[in-house]
Amino acid sequence: MSYIQKPVAYHPALKKNALGLTHRDYEGAMSTLCAGCGHDSITAAIIEACFELDLPAHRVAKISGIGCSSKAPTYFLGRSHGFNSVHGRMPSVTTGANLANRELVYLGVSGDGDTASIGLGQFAHVVRRRLNMIYVVMNNGCYGLTKGQFSATNDRTSPSKKGDPNPFDPIDLCQMAIQLGAGFVARSFSGDKRQLIPLIKAAIGYRGFAFLDVISPCVTFNNHPASTKSYDYVRAHNQAIDKLDFVPEESEITTDYDEGTSVAVTLHDGSRLMLHKLDQSHDPRDADAALMTIRRRAAEGEVATGLLYVDENQQDLHDVIGTSPRPLNAIPMAELCPGSAKLESINARLR
Amino acid sequence: MSGVNDFVCKFATVNGSGSASANTMFAKTVFRMGIPVSPKNIFPSNIQGLPTWYEVRVSEKGYLARRDGIDLMVAMNPQTYREDVAEVVPGGWLLYDSSMPRQWPREDIEVLPIPIAAICARKWSDPRQRQLFKNMVYVGALSALIDMDLDVLKGVVADQLRGKEKLVAANLDAIALGRDYALTHFQCPLPIRLRRAEGARGKIMVTGNRAAALGAIYAGATVCTWYPITPSTSVAEAFEGYVKRLRTDSDGKTLAAVVQAEDELAAIGMAIGAGWNGARAFTATSGPGISLMSEFLGLAYFAEVPVVLFNVQRGGPSTGMPTRTQQSDIMACAYASHGDTKHVLLFPSDPNECFSLGAEAFDLAERLQTPVMVLSDLDIGMNEWMTEPFAWDDARVHDRGKVLDAAGLDKALDWGRYRDMDGDGIAYRTLPGAHPDKGAFFTRGTSHDSFARYTEDGRVNADNLRRIARKFETAAHLVPKPEVLTRDARSRLGVVYFGATQPAVLEALDDLEADGIRVNAMRIKAFPFSPEVKAFCDAHDRVFVVEQNRDAQMRALLMIEAGVDGDKLIAAVNFDGMPLTAAFVRSTIRTYMGPVKVAAE
């Protein structure tokens, strides 16, 4: 049995957010992943981000596919509905859920196998449809749950634990997301929560398709010295191109920012992102430049992290297809069913 | 036997030549004259240039099944002359375009030559018009030959081309040219002809796919996610059309979302996501789509998510005959997906039932928290059927099933997503966002306990599977009961049928009775089988199971799921892709009975 209820222990000194909730209220069941798994750090970052945003957990829907990553939603936001669907199909389930009720926050959790192999088609199309969701890939370059086979994001230069070479070039999901029209594209590292938490908060505040590729080492199968998805490698080669401050809607910006090195981005809900450029050649609002930055860094063996690309004015799927602003699952049947008189006129046209 | 208001007329044309609208106008005119009519479009999987046929059966008695033996062939396609002429019954007629005159190899039919291309060439200079109006010239000629009511025909043309007045005038010109030619050159009308009648009064003409879409509208469906595939595409397209007409707010925003998915996997995945989140959602597909959707159907079955699927069946296996009809997905749908999986199926017999059962499917899906598949086929889905008008009871309450809202959760003690509180196998579900700290659960395709928690305890998983089986037993009492037609309570002969074969079977029962054989009949409307299904089989010694697939899939399902003795179930299968004829049913039963037995009856 691998479901372990986490005992809920409240300490009077625990910090409370605006909703009067503590971190405990944002936790889920006990993780059953390997000790030291990067995914657990991402789980912790999601909990922290939701806590800090004062997010009512029941207004979040967590949806995943299959794999170690897709088990992770069990371990956070126990007060949210979750849906652990089938392999590679999280995007379609999330799309349908969002069509039914556009008012919830949709947090999709996937892995590199789930997204870059079996689910590549659904990934491409959910980006293209600009679904208003946060799509998190917990990216470890391997199939953990089936014991360490290469995934499609594993670098060509990165052999297996046993030393077998990887013969194929990796799929870069951030580049794909930018090319396919994602409005918010970020890459981060599970070991860098100071970068990751603001990115998650910003992704939640963003209306449109927000993509977060988080390098998340697999301690059991892909954390060896030759791996490019190991803790040591990513720490050594992580090149943050910007530093992000997420400023909630009602808050004032208190720090002075240098116009030349900082970019302010206003989101639909009124919250703002303050981006401090660490790489002066990078403009996060220029898709071509973002692609260039990712490629140039990758060619040097580095991993460009941070908010790589953002489009402040993206329309989401509902805007594009023109659905009602009301949640479709809450419209009374009396409004949906045209009734018998209307049916009589439909019959008349078929005579 | 053919004669006034009783004949079959067939149009052999080339697809993409504009014949479809002319043929439709022909059938609609017969219908508006009050005569029962049944057109069948026999078309290629192609857009332009291949042979296509349109068969129209006219039957004052109201027999709507396809009938072999063509009384009047309109042969407009030289590619198929040889087979078209062979189909005409002795004493029948063949109308053809004699602009290029030819000798026909049969003495026993009457040939009606009309220089259609030459007539059009004299009238119109534009090559496209010359081509297009050829179709209306033969309709005009037929109006004289079979005595169509000219005013009714003109009314049909005006309705069909509403808003295109110039086109109406040109079509009427073409009709006049054909009509005048026929009146001048032939003895009009022919012995096979039309006469105003009452059999079609009050009825409507509609395709099953349009009716299914309307059923979804009336059921309150708000999410339609689909992937194009013949012959189901027009379900989603019709739904989208109805959303524009019936579900658009004053601000132009729609009270439904229609999304064309990237494939069938995504189409069903989206519908399941929407169903999970409390919207009434559906997809429409055909055979290959069922194969692709199977994994997701298993998830929805096991995680207990309501979703409706319209399967407009076509010829299989594999890509098969995409533009021909079959009932060959019975097994694939009943047991779609791996593991112990079973699904609720509904079998509409005509467009009227595509509407009524289509709407009911949504109630059943939410009541049972499981996928419900509506199995029609290409014949019902894409052909225009004369059927009873749609009816809706405004007092009807949509059954949204067992859903706990915030107030319900506050009252519920020890709520568990998969706990069977009522003994019917159906547990209470909750929707995301309903309550700040109650009712959240983790929907999963992995083994789970009654609180939706992952478990690897085999006994807990077995208990859950037993409960879902119990739910299926509940389903057997909720789905529509079969329709039983008793011709003779003493008869030991029965026939079981479902779906599009209804007109052929009903006609065959009349013919058999005329032969002195009285057969009782049962039309299955749903799976799992109501108790009445087995009772009917038990009450008869020999039961013919009529179906349109090679392997007698419904017969097998009756044996497996209703426990009917296979020895008494006689397969009557036709799988050539064409709508079934009464002659097939009659001859199958007569052949089985043998000449001696028939005499003895």
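Every value quoted in this text rests on a predicted model; they were computed, and no experiment measured them.

As for the confidence of the model for chain B
When pLDDT is low, close inspection of the predicted coordinates is not appropriate.
Working step 1: For chain B, mean pLDDT is 96; residues scoring 70 or higher make up 99% of the total.
Working step 2: The ipTM assigned to the predicted complex is 0.96, against a pTM of 0.97.

Section: helix α5 (residues 150–160) of chain B
All names here are of chain B.
Working step 1: For α5, the set of buried residues is Val152, Leu153, Val156 and Val157. For α5, the arc enclosing every buried residue in end-on projection is 140°, short of the 170-degree limit, so these residues lie on one face.
Working step 2: Of the residues flanking the start of α5, the one acting as N-cap is Asp149, its side-chain oxygen 3.0 Å from the backbone nitrogen of Asp151.

Looking at the nonpolar core
Working step 1: Ranked by internal contacts, the top residues of the largest apolar core, which has 150 residues, are Phe211 of chain A together with Phe239, Phe282, Ile524 and Leu558 of chain B.
Working step 2: Counting 57 residues, the second largest nonpolar core, distinct from the first, contains Leu161, Ile175, Ile192 and Ala200 of chain B.

Concerning the pairing of strand β7 (residues 184–189) of chain A
Residue and element names in this part refer to chain A.
Working step 1: When you tally the buried positions in β7, you get six out of six residues, the bulk of the element.
Working step 2: A two-sided burial pattern is seen for β7, the buried positions comprising Phe184, Ala186 and Ser188 on one face and Val185, Arg187 and Phe189 on the other.
Working step 3: Pairing of β7 with strand β8 (residues 209–215), which is carried by six bridges, proceeds in the parallel orientation. From the neighbouring strand, Ala186 faces β8, where its bridge partner is Leu212.
Working step 4: As a crossover connection, the stretch from β7 through helix α7 (residues 193–205) into β8 is right-handed.
Working step 5: Pairing geometry for β7 and strand β13 (residues 303–310), over four bridges, is antiparallel.

Some details on the packing of aromatic side chains
Working step 1: Summed over the entire model, instances satisfying the criterion amount to 29 aromatic pairs over all chains.
Working step 2: Their ring planes at 75° and their centres at 5.0 Å tell us that Tyr96 of chain B and Trp104 of chain B sit as a pair that is edge-to-face.
Working step 3: Relative accessible area serves as the criterion here: at 3%, Tyr96 of chain B is assigned to the buried category.
Working step 4: A relative accessible area of 10% means that Trp104 of chain B is categorised as buried.
Working step 5: Where Phe472 of chain B meets Phe527 of chain B, the ring centres are 5.7 Å apart and the plane angle is 65°; that geometry is what we call edge-to-face. Here Phe527 of chain B lies in strand β21 (residues 526–527) and Phe472 of chain B lies in helix α15 (residues 458–478), a separation of 55 residues in the sequence.
Working step 6: Taking relative accessible area as the criterion, Phe527 of chain B reaches 1% and is therefore assigned buried.
Working step 7: Ring pairs connect the aromatic residues Phe123, Tyr135, Phe209 and Phe211 of chain A, which therefore count as one cluster.
Working step 8: The residue whose ring lies beneath Lys62 of chain A is Phe76 of chain A, and the NZ or CZ to ring-centre distance is 5.8 Å.
Working step 9: Here the basic side chain of Arg102 of chain B rests over the ring of Trp104 of chain B, its NZ or CZ set 4.5 Å away from the ring centre.

Things to note about unusual backbone geometry
Residues and elements named next belong to chain B.
Working step 1: In this structure, Pro231 follows Thr230 across a cis peptide bond, with omega equal to 5°.
Working step 2: Within the secondary structure layout, Pro231 lies in the loop between β8 (223–226) and α8 (233–246).
Working step 3: Cis geometry is adopted by the peptide bond preceding Pro317, which originates at Gly316 and carries an omega value of -5°.
Working step 4: With respect to the helices and strands, the residue Pro317 is situated in the loop between β11 (307–313) and α11 (330–334).
Working step 5: Residues other than glycine seldom take positive phi values, yet Asn5 does so here, at roughly 55°.
Working step 6: Locating Asn5 in the fold gives a position in the segment before β1 (6–14).
Working step 7: One non-glycine residue, Glu304, lies in the positive phi region at around 65°.
Working step 8: By the element assignment, Glu304 lies in the loop between α10 (287–303) and β11.

Thresholds applied
Residues numbered from 1 in each chain as written. Chains lettered and ligands numbered in written order. Predicted model: local features only at pLDDT ≥ 70, side-chain atom pairs only at ≥ 80, totals over all residues. Heavy atoms only, no water. pLDDT = per-residue confidence, 0-100. Buried < 20%, exposed > 50% of the residue type's maximum accessible area, 1.4 Å probe, protein only. Helix = DSSP H or I, 4+ residues; strand = E, 2+ residues; numbered from the N terminus. Arc of directions from axis to C-beta. Polar contact = N/O pair within 3.5 Å; in protein donor to acceptor, adjacent residues only side chain to side chain. Core = buried A, V, L, I, M, F, W, Y, C linked by side-chain atoms within 4.5 Å. Pairing = 2+ DSSP bridges. Right-handed = clockwise from strand over helix to strand, strands pointing away. Phe/Tyr/Trp six-rings, centres within 6.5 Å; stacked < 30°, edge-to-face > 60°. Lys NZ or Arg CZ within 6 Å of the ring centre and 35° of its normal.

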